[in-house]
Amino acid sequence: GQQVMQIPQYQHVQEGEDFTTYCNSSTTLSNIQWYKQRPGGHPVFLIQLVKSGEVKKQKRLTFQFGEAKKNSSLHITATQTTDVGTYFCAGRPGNTGKLIFGQGTTLQVKP
Amino acid sequence: NAGVMQNPRHLVRRRGQEARLRCSPMKGHSHVYWYRQLPEEGLKFMVYLQKENIIDESGMPKERFSAEFPKEGPSILRIQQVVRGDSAAYFCASSPTLGPGGTEAFFGQGTRLTVV
């Protein structure tokens, strides 16, 4: 079936270090979305990428969508303790409306 | 414009009882998704609904689970004869009519179901 895989599952970094999470889909995605879930909270939308090769930035966060629209990455520069949480990628395979999430990458930041 | 409202926030059921989880999407949103999340795990897709229609229920167990999104009122996820393994957080999300590229999903706070 359609799968969205994310690595790594966990990442512990020292405050100020960079962090990257990778997302791969078994099928072409019409778009990729990224969400953040704080401990005990609910997922909150961060960004959506639609075009092949698209790159978007939000302050210290950089999001990329692969040329084949099957992979994506989220890179955080100089992490802060407020970045702690689980980051999920999500995509809609083909032209379906179904939104499938990756397993998430949980980021811990040591002050 | 209120966000996605889920109730109850916490639900405790004994084995064999029924659990009914409610989700009121954001105003103007006609698409609803239900996800299940176990502790320390990701969001597992269960079902995707539009008003009065189930679009995709490929993630829903064939037995005991059902979902609806009536013309009026909230979407309901119903779990009959609950078992301990049903204990999880159930999240509902809604989105407006999909454009060509799709749109973001807005999540509710979730319902934490505990089966004792």
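The sections below set out a description of the structure shown in this document. (Residues numbered from 1 in each chain as written. Chains lettered and ligands numbered in written order. Predicted model: local features only at pLDDT ≥ 70, side-chain atom pairs only at ≥ 80, totals over all residues. Heavy atoms only, no water.)

## With respect to the sheet that holds strand β8 (residues 75-79) of chain B
All names here are of chain B.
At step 1: One open sheet holds the four strands; their spatial order is β1-β3-β8-β7, and the pairing between them is antiparallel. Each edge of the open sheet is held by one strand with a lone partner, namely β1 (5-7) and β7 (65-68). Strand after strand, the sheet turns through a mean of 15 degrees between neighbouring axes, direction not considered.
At step 2: Relative to strand β3 (residues 19-24), β1 runs antiparallel, the two sharing three bridges. (Pairing = 2+ DSSP bridges. Helix = DSSP H or I, 4+ residues; strand = E, 2+ residues; numbered from the N terminus. Axes fitted to C-alpha atoms, helices over the stretch in contact; angles between N-to-C directions.)

## Some remarks on the pairing of strand β9 (residues 88-95) of chain B
Residue and element names in this part refer to chain B.
At step 1: Judged by how many residues are buried, β9 sits mostly within the fold: eight of eight residues are covered.
At step 2: Neither face of β9 is exposed, since Ala88, Tyr90, Cys92 and Ser94 on one face and Ala89, Phe91, Ala93 and Ser95 on the opposite face are all buried.
At step 3: Pairing geometry for strand β4 (residues 31-37) and β9, over seven bridges, is antiparallel. Bridging from a neighbouring strand, Tyr33 pairs with Ala93 of β9.
At step 4: As paired elements, β9 and strand β11 (residues 111-115) share three bridges and run antiparallel to each other. Directly across from Ala88, in β11, lies its bridge partner Leu113.
At step 5: Of the pairings in the sheet, the one linking β9 to strand β10 (residues 106-107) comprises two bridges and is antiparallel in character. Its bridge partner lying in β10, Ser94 is registered against Phe106. (Buried < 20%, exposed > 50% of the residue type's maximum accessible area, 1.4 Å probe, protein only.)

## A closer look at the environment of Cys92(B)
All names here are of chain B.
At step 1: With respect to the helices and strands, Cys92 occurs in strand β9.
At step 2: Taking the relative accessible area as the measure of exposure, Cys92 reaches 0% and is therefore buried.
At step 3: For Cys92 and Ala2, which are 90 residues apart along the polypeptide, the C-alpha to C-alpha distance reads 14 Å.
At step 4: For Cys92, the contacting residues outside a window of four places in its chain are Val4, Gln6, Cys23, Val32, Tyr33, Trp34, Phe106, Phe107 and Gly108. (Contact = heavy atoms within 4.5 Å.)

## Observations regarding unusual backbone geometry
At step 1: Of the consecutive residues Ile7(A) and Pro8(A), the connecting peptide bond is found in the cis state with omega at -5 degrees.
At step 2: With respect to the secondary-structure elements, Pro8(A) resides in the loop between β1 (4-7) and β2 (10-14).
At step 3: For the peptide bond that leads from Asn7(B) to Pro8(B), omega is 0 degrees, which places it in the cis range.
At step 4: Residue placement: Pro8(B) occurs in the loop between β1 and β2 (10-13).
At step 5: The phi dihedral of Lys59(A) falls on the positive side, at around 50 degrees, and the residue is not glycine.

## A look at the side chain of Lys36(A)
All names here are of chain A.
At step 1: Summarising the element assignment, Lys36 is placed in strand β4 (residues 29-37).
At step 2: At 4.9 Å, Asp83 is the nearest oppositely charged side chain to Lys36, a buried residue that forms no salt bridge.
At step 3: In terms of polar contacts, Lys36 uses its side chain to reach the backbone carbonyl oxygen of Thr82, at 2.8 Å.
At step 4: In contact with Lys36, other than residues within four places in its own chain, are His42, Pro43, Val44, Leu46, Thr82, Asp83, Val84, Thr86 and Tyr87. (Lys, Arg positive; Asp, Glu negative; His and termini not counted. Salt bridge = Lys/Arg side-chain N within 4 Å of Asp/Glu carboxyl O. Polar contact = N/O pair within 3.5 Å; in protein donor to acceptor, adjacent residues only side chain to side chain.)

## A short note on the packing of aromatic side chains
At step 1: In this structure the tally under the stated criterion is 13 aromatic pairs over all chains.
At step 2: Where Tyr35(A) meets Phe101(A), the ring centres are 5.2 Å apart and the plane angle is 50 degrees; that geometry is what we call tilted. Taken together, the residues span a long stretch of sequence, with Tyr35(A) in strand β4 and Phe101(A) in strand β10 (residues 100-101) at a distance of 66 residues. Each member of the pair Tyr35(A) and Phe101(A) is classed as buried.
At step 3: Ring pairs connect the aromatic residues Tyr35(A), Phe45(A), Phe88(A), Phe101(A), Tyr33(B), Tyr35(B), Phe45(B), Tyr48(B), Phe91(B) and Phe107(B), which therefore count as one cluster. (Phe/Tyr/Trp six-rings, centres within 6.5 Å; stacked < 30°, edge-to-face > 60°.)

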